[in-house]
Amino acid sequence: MLRFLSAGESHGQALVVTVDGMPAGLQLDIDALNAQLRRRQGGYGRGRRMAIESDQAEILAGVRHSRTTGAPIALLIRNRDWVNWQQTMYVEAEMPEGASGTKRADVTRPRPGHADLAGAIKYGHDDIRDVLERASARETAARVAAGSLARQLLAQFGVQIASHVSAIGDVVLPEDRIVSFAEAEGIPEDAPLRCVDAELQQRMMAFIDNAREAGDTVGGAFEIIASGVPPGLGSYVQWDRKLDGRLGQALMCIHAIKAVGIGIGPDVAFRPGSRVHDEILPPTGTTVADRPTNRAGGLEGGVTNGEDVRVSAFMKPIATLMKPLRSVDLTTMTEAPAAIERSDVCAVPAAAVVGEAMVAFVLADAFLEKFGGDSIDEIDAHYRATAEQVRQRFAARGSVV
Ligand code: EPS
């Protein structure tokens, strides 16, 4: 089983993440890992924090001479902003001599839509900072680091992952505009919103500008596409083995994600079967069958079918509004505007990078389940043998596979 656990506060010293279950013998590219962290920091609509940080992962354990050893991998990402927060976030009982930064007042007015109120009730905190520091989407940097290891494992076997932003507020890519993996992968990294349609992207930016001027925030949607995914990952035989359910959880648990769709997603409810299901035709290429469409997003019965895996996620607007919503001051229980924390106006492109990481993690886990072994060599042998078995089985029936 591949799994990870993270720790770290948004303005604490660092984020740490432990990845357990990575096989031995994977050659790691730390520059590629850091490039993923950089991607997460980008996108039009982000706040001033991203100008302070320059996220870089340090590998503390589980890797020797840039190869995984099979031991748990520990990664650390330092928060540069810590120096501005030490007086507020120190770990010791008393503020250490010479602590840097400023001492901030307690946060007592929960922001609607954030974890503030529910967290303060649940954990018994009077200073909501104890909630928001951990609930912050800063934690997603740890996920991108963990997901990047999974991505590097998958890449060894030809699985690639890309994403694109399909909506910012009500500026939405048309339903019939199907974005190919190559198109998503080809989006320049400096594209402000990582949308495949340049004209639409301009309108999306204007939408964000308007929200910023109004002291408001915006959400949106993105799609993750994984190509080269072998058929047979996941299973229909038990509820918790269905890969669509596992992908759903992995995306739903990203901060501010409120809905997930597989393939054409919720549209399946509004169309007849003939415009939902993908016909199965005799093969003309190297796959078992031709599928003229991929509305199912590469998953049937919770199992990958060899087509691209396509998953969409829908993000709510960020909960910190510069023109705050009404709230209650929990010290006096009287009405008061919600607290204002420095924040982003829109973080949809960043969330898409986090989504890629989470999808990579789930696919790598399912991949190891099917082709598992303790080293890359063992997995490789199993992977090749399975592909060959499938080829021979169908070739015997006249297939060109
Ligand atoms: C984030 C860091 C945070 C926020 C954002 C995500 O930094 P700060 O709170 O210092 O501005 O920019 O988190 C939120 C929007 C949130 O509501 O928690 C990051 O590294 O992605």
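Reading the values: the criteria
- Residues numbered from 1 in each chain as written.
- Predicted model: local features only at pLDDT ≥ 70, side-chain atom pairs only at ≥ 80, totals over all residues.
- Heavy atoms only, no water.
- Core = buried A, V, L, I, M, F, W, Y, C linked by side-chain atoms within 4.5 Å.
- Buried < 20%, exposed > 50% of the residue type's maximum accessible area, 1.4 Å probe, protein only.
- Helix = DSSP H or I, 4+ residues; strand = E, 2+ residues; numbered from the N terminus.
- Contact = heavy atoms within 4.5 Å.
- Pairing = 2+ DSSP bridges.
- Near = heavy atom within 4 Å.
- Polar contact = N/O pair within 3.5 Å; in protein donor to acceptor, adjacent residues only side chain to side chain.
- Areas by Shrake-Rupley, 256 points an atom, 1.4 Å probe, with all protein chains shown as cover.
- Nonpolar A, V, L, I, M, F, W, Y, C, P; charged D, E, K, R; others polar.
- Axes fitted to C-alpha atoms, helices over the stretch in contact; angles between N-to-C directions.
- Salt bridge = Lys/Arg side-chain N within 4 Å of Asp/Glu carboxyl O.

**Regarding the nonpolar core**
Core analysis: the largest hydrophobic core is formed by 83 residues, its most contacted members being Val-19 and Ile-168. Examining the composition of this core, we find that 17 residues originate from one element, helix α10 (residues 348–371), more than from any other. In this structure, Val-19 is in contact with Leu-2, Arg-3, Phe-4, Pro-72, Ile-73, Ala-146, Leu-149 and Phe-361, ignoring residues within four places of it in sequence. Val-107, Ala-120, Ile-128 and Val-131 belong to the second-largest nonpolar core, a separate cluster that totals six residues.

**As for the sheet that holds strand β7 (residues 160–168)**
Strand order in the open sheet made by the five strands is β8-β7-β9-β13-β10, with antiparallel pairing throughout. At either end of the open sheet lies a strand with only one pairing partner, and these are β8 (171–172) and β10 (257–262). Where strand β9 (residues 220–227) and strand β13 (residues 309–315) come together, seven bridges link them in antiparallel fashion. By the bridge assignment for β13, Ala-221 is matched with Phe-314.

**Points about the site of the ligand**
Near the ligand lie 13 residues; those nearest to it are His-11, Arg-40, Arg-46, Arg-49 and Arg-342. Between the ligand and the protein, one listed contact pairs an oxygen atom with a side-chain N or O atom of Arg-46 at 2.8 Å. At 3.0 Å from an oxygen atom of the ligand is found a side-chain nitrogen or oxygen belonging to His-114. Within the complex, 92% of the 470 Å² of free accessible area of the ligand lies under protein. Of the residues assigned to the shell around the ligand, the class counts are three nonpolar, four polar and six charged.

**What to know about the pairing of strand β1 (residues 3–7)**
The alternating pattern of β1 places Phe-4 and Ser-6 on a buried face and Arg-3, Leu-5 and Ala-7 on a face that is not buried. Bridge count between β1 and strand β2 (residues 14–20): five bridges; the pairing is antiparallel. Note that in β2 the partner of Leu-5 across the bridge is Thr-18. As consecutive antiparallel partners, β1 and β2 are separated by six residues, and within that stretch Gly-8 has a phi angle of approximately 135 degrees, a positive value.

**Digging into unusual backbone geometry**
Residues other than glycine seldom take positive phi values, yet His-65 does so here, at roughly 55 degrees. Note on placement: His-65 falls in the loop between β4 (63–64) and β5 (67–68). Of the residues examined, His-65 reaches a relative accessible area of 65% and is grouped as exposed.

**Focus on the sheet that holds β2**
If you trace the four strands from one edge of the open sheet to the other, you get β1-β2-β6-β3, paired in antiparallel fashion. Sheet topology places β1 and β3 (57–61) at the edges, where each strand pairs with a single neighbour. Across this sheet, the average inter-strand angle for adjacent strands is 20 degrees, counted without regard to direction.

**Quick look at the side chain of Asn-79**
In this fold, Asn-79 is placed in the loop between β6 (73–78) and α3 (86–89). Of the polar contacts made by the side chain of Asn-79, one reaches the backbone oxygen of Ser-10; its length is 3.3 Å.

**What to know about the pattern of salt bridges**
Once the charged atoms of two side chains with opposite charge are near each other, the side chains can pair. Using the criterion set out here, one finds 28 salt bridges in the structure. In this structure, Arg-39 engages Glu-189 in a salt bridge whose closest nitrogen and oxygen atoms are separated by 3.1 Å. Residue Arg-39 is found in helix α1 (residues 30–41), and its partner Glu-189 is found in the loop between α7 (181–185) and α8 (198–213); the two are separated by 150 residues along the sequence. Arg-291 is the salt-bridge partner of Glu-300, the closest N and O atoms lying 2.9 Å from each other. Looking at Glu-300, the relative accessible area reads 35%, which means it is partly exposed. Connected through salt bridges with shared partners, the residues Arg-40, Arg-49, Glu-53, Asp-55, Asp-81, Arg-138 and Arg-342 form a single ionic network.

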